[in-house]
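Coordinate analysis (summary)
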Amino acid sequence: MDGRIAAVGPQDALELRFADADRIDCGGRLLMPGLVDSHTHAIFGRPRFEEQELRAMGLPYMEIAKRGGGIHSSVRDLRARAEDELVALALPRLRRIASYGTTTVEVKSGYGLTVVDELKTLRVIRRLQELLPLRLVPTWLGAHEVPQEYRARGDQGRADYLRLLVHEMLPAVAAEGLARFADVFCEPGVYTVAESRVLLEAARVAGLGLKLHADELQTSGAAELAVALGAASADHLAAVSEDGVRALAAGGTVATLLPGTMLFLGSARQAPARALIDAGAPVALASDFNPGTSPTVNFPLVLTLAVSQLRLTAAEAVVAGTVNGAAALSLAGETGQLAPGFSADLALFDAEDVRELPYWYGDRLCRGTWVGGVACHPFEARFTSQP
Ligand code: NIG
Ligand code: FE
């Protein structure tokens with residue numbers, strides 16, 4: 001078996017055609033494409049629960065970052081940890097992600113911000129891919145922040161870090177083939193639209209696909225940049241402008257929405273999902289799993305938020321979490337659909353109707369997943385039996 005779906009159809013017809021095949025008894029439950037989580041920052045050390053309380057007391061996310069918390073705090077932490085330790089920390093987190101029905105996980109670097117620590121993070125992702133049957137997609141996010149030691153030196157420090165990203169870090173990442181995509185946190189106070197363009201153009205020349213943290217907290221025109229550069233996705237978009245919505249509808253860039261992030265930040269604002277869909281933009285959903293703004297491993301909960309906060313139908317949410325998530329990773333012909341030729345990336349849920357996924361919110365209905373036909377969750381699965 002090559003791990004691909006050979007045929008889809010009524011059970012009787014398939015049983016006749018594949019009389020010798022192994023069978024998995026799904027007990028009449030819901031079998032669907034495994035969920036595709038196209039945006040996570042899963043490689044980190046210490047969780048940052050103290051910041052949740054600070055925000056509740058009224059301190060905004062960007063203010064916490066200015067005081068050396070936020071991403072900076074995770075950077076200090078990750079730099080002090082060895083590769084082995086990061087592998088050991090990420091493994092159970094990824095297993096928990098898998099246990100909710102996710103079969104593909106994009107994983108970003110971005111808490112290293114030195115050549116050594118970004119390569120270390122990306123090597124951790126590569127090692128995890130060898131250890132887990134989950135499908136992992138690595139993204140280089142060396143431009144997640146301007147590191148504090150460079151910020152302290154003002155404009156000159158900023159320019160120096162940009163040079164390091166383009167002329168040292170990116171070539172090193174590309175030479176080792178450690179990343180499929182490059183991403184930038186394009187946000188006022190972090191990277192400008194002009195800086196993001198320079199970085200992404202260099203990444204494209206180095207052979208990487210492009211993604212962008214775009215218009216998350218403030219409108220900057222980042223979505224328009226992502227479309228202009230032909231990025232696979234523009235992510236967040238809670239503050240996207242009407243021009244940005246039009247650009248996403250007209251271009252080939254997937255609009256990836258992360259409603260868990262806005263919920264966890266305590267923001268009343270959400271991305272204009274209905275406007276995006278109604279304008280014809282392809283919309284994906286993702287968890288944004290990270291220690292600062294979205295520490296959830298529960299993708300079906302993101303589907304719940306998509307229906308109740310973003311006003312998607314259950315069907316739209318499921319498409320956004322499978323087919324369109326795959327497109328956001330340039331894997332549209334590979335995963336996210338039950339169709340002949342696609343990888344057998346499957347999730348079995350204790351449900352009869354797909355609308356139960358967003359409905360039983362917070363619950364874990366997943367009973368098993370397969371990636372390329374190989375049992376992924378539970379890891380000791382004994383689902384196969386000879387007929
Ligand atoms: O997608 N916005 C930038 N990056 C993450 C947050 C990272 C962090 O706070 O550690 C996000 O929300
Ligand atoms: Fe993110």
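Residues numbered from 1 in each chain as written. Chains lettered and ligands numbered in written order. Predicted model: local features only at pLDDT ≥ 70, side-chain atom pairs only at ≥ 80, totals over all residues. Heavy atoms only, no water.

Some details on the overall build of the protein chain
Check the secondary structure of the protein chain and you find 17 helices and 14 strands. Rg of the C-alpha trace for the protein chain: 21 Å, near the compact-globule value of 21 Å for 387 residues, within the 12% margin. Along the longest, intermediate and shortest principal axes, the C-alpha atoms of the protein chain span 70 × 45 × 40 Å. When the 387 residues of the protein chain are sorted by exposure, 56% land in the buried category. Taking the contacts inside the protein chain whose residues are at least 6 apart along the sequence as the reference set, 72% of them involve residues at least 24 apart. Here the protein chain displays about 15,700 Å² of accessible surface, and carbon together with sulfur accounts for 54% of that area. (Helix = DSSP H or I, 4+ residues; strand = E, 2+ residues; numbered from the N terminus. Rg over C-alpha atoms; globule rule 2.2 N^0.38 Å. Buried < 20%, exposed > 50% of the residue type's maximum accessible area, 1.4 Å probe, protein only. Contact = heavy atoms within 4.5 Å. Areas by Shrake-Rupley, 256 points an atom, 1.4 Å probe, with all protein chains shown as cover.)

Some thoughts on the site of ligand 1
Taken together, the neighbourhood of ligand 1 is formed by 16 residues, with Tyr61, Tyr111, His144, Glu216 and Thr293 sitting nearest. One of the side-chain nitrogen or oxygen atoms of His41 is found 3.3 Å away from an oxygen atom of ligand 1. In this structure, an oxygen atom belonging to ligand 1 sits 2.6 Å away from a side-chain N or O atom of Tyr111. Contact with the protein chains removes 100% of the 330 Å² of surface that ligand 1 exposes when unbound. Its residues placed into classes, the shell around ligand 1 shows four nonpolar, nine polar and three charged. (Near = heavy atom within 4 Å. Polar contact = N/O pair within 3.5 Å; in protein donor to acceptor, adjacent residues only side chain to side chain. Nonpolar A, V, L, I, M, F, W, Y, C, P; charged D, E, K, R; others polar.)

Thoughts on the state of the cysteines
In total, this model carries zero disulfides according to the counting rule given. In this structure Cys376 is a free cysteine whose sulfur lies 9.0 Å from that of Cys366, the closest cysteine sulfur available. A relative accessible area of 0% places Cys376 in the buried class. (Disulfide = S-S within 2.5 Å.)

Re the coordination of the iron ion (ligand 2)
Six octahedral donors at a metal ideally form angles of 90 or 180 degrees, and four tetrahedral donors ideally form angles of 109.5 degrees. Taken together, His39 (NE2), His41 (NE2), His213 (NE2) and Asp288 (OD) make up the protein donors of the iron ion (ligand 2), found 2.1 to 2.5 Å from the metal. In the primary structure, the donors to the iron ion (ligand 2) are separated according to the pattern H-x1-H-x171-H-x74-D. Note that His39 is positioned in the loop between strand 3 (35-37) and helix 2 (49-56) and Asp288 in the loop between strand 10 (283-285) and helix 14 (299-308), a separation of 249 residues in sequence. Note on His39: relative accessible area 0%, which makes it buried. For Asp288, a relative accessible area of 2% gives the class buried. (Donors = N, O, S within 2.8 Å, 3.2 Å for Na, K, Ca; no water.)

With respect to the pairing of strand 13 (residues 374-377)
Judged from the three bridges that link them, strand 12 (residues 366-371) and strand 13 form a sheet pairing that is antiparallel. Looking at the pairing, Trp370 lines up with Ala375 of strand 13. Where strand 12 folds back on strand 13, the antiparallel hairpin that results is connected by two residues, among which Gly372 adopts a positive phi of roughly 55°. (Pairing = 2+ DSSP bridges.)

Observations concerning the sheet that holds strand 8 (residues 233-236)
Strand pairing in a sheet is mediated by backbone hydrogen bonds. Such pairs are either parallel or antiparallel. Pairing is parallel in the open sheet, where eight strands are placed in the order 3-4-5-6-7-8-9-10. Sheet topology places strand 3 and strand 10 at the edges, where each strand pairs with a single neighbour. The mean inter-strand angle of the sheet, taken between neighbouring strand axes irrespective of direction, is 25°. Bridge count between strand 6 (residues 181-186) and strand 7 (residues 209-214): four bridges; the pairing is parallel. Its bridge partner lying in strand 7, Phe181 is registered against Gly209. (Axes fitted to C-alpha atoms, helices over the stretch in contact; angles between N-to-C directions.)

Observations regarding the UniProt feature "domain: Amidohydrolase" (unreviewed entry) in the protein chain
This chain's UniProt record puts "domain: Amidohydrolase" (unreviewed entry) on residues 75-374. Span residues 75-374 is 45% helix and 17% strand, its end C-alpha atoms 35 Å apart. (UniProt positions renumbered as here; feature names shortened; annotations may be inferred.)

Side note on the packing of helix 5 (residues 83-99) against helix 6 (residues 115-131)
Their axes nearest at 9 Å, the elements helix 5 and helix 6 cross at an angle of 50°. The angle between helix 5 and helix 6 places the two elements in the oblique class. Judged by the twist between their axes, the crossing of helix 5 over helix 6 is right-handed. Contacts from Glu83, Asp84, Leu86, Val87, Ala90, Leu91 and Leu94 in helix 5 reach Lys120, Arg123, Val124, Arg127, Leu128 and Leu131 in helix 6. Residue classes in the contact of helix 5 with helix 6 are distributed as eight nonpolar, no polar and five charged. (Parallel < 35°, antiparallel > 145°, perpendicular 65-115°, else oblique. Left-handed = near helix turned anticlockwise from the far one by under 90°.)

Quick notes on helix 14
It helps to recall that an α-helix has 3.6 residues per turn; residues three or four apart then point in one direction. Across the ten residues of helix 14, seven count as buried, placing the element largely inside the fold. Looking only at helix 14, the buried set comprises Phe299, Pro300, Val302, Leu303, Thr304, Leu305 and Ala306. On its buried face, helix 14 sits against strand 3, strand 4 (102-108), helix 12 (259-264), strand 10, helix 15 (314-320) and helix 17 (356-359). Of the residues flanking the start of helix 14, the one acting as N-cap is Asn298, its side-chain oxygen 2.9 Å from the backbone nitrogen of Leu301.

A word on the packing of aromatic side chains
Think of a pair of aromatic rings as described by two things: how far the centres are apart, and how the planes are tilted against each other in angle. This model, assessed by the stated rule, comprises three aromatic pairs. The ring of Phe44 carries the charged tip of Arg93 above its face, separated from the ring centre by 4.0 Å. Looking at Lys211, its charged tip hangs above the ring of Phe181, at a distance of 5.3 Å from the centre. (Phe/Tyr/Trp six-rings, centres within 6.5 Å; stacked < 30°, edge-to-face > 60°. Lys NZ or Arg CZ within 6 Å of the ring centre and 35° of its normal.)

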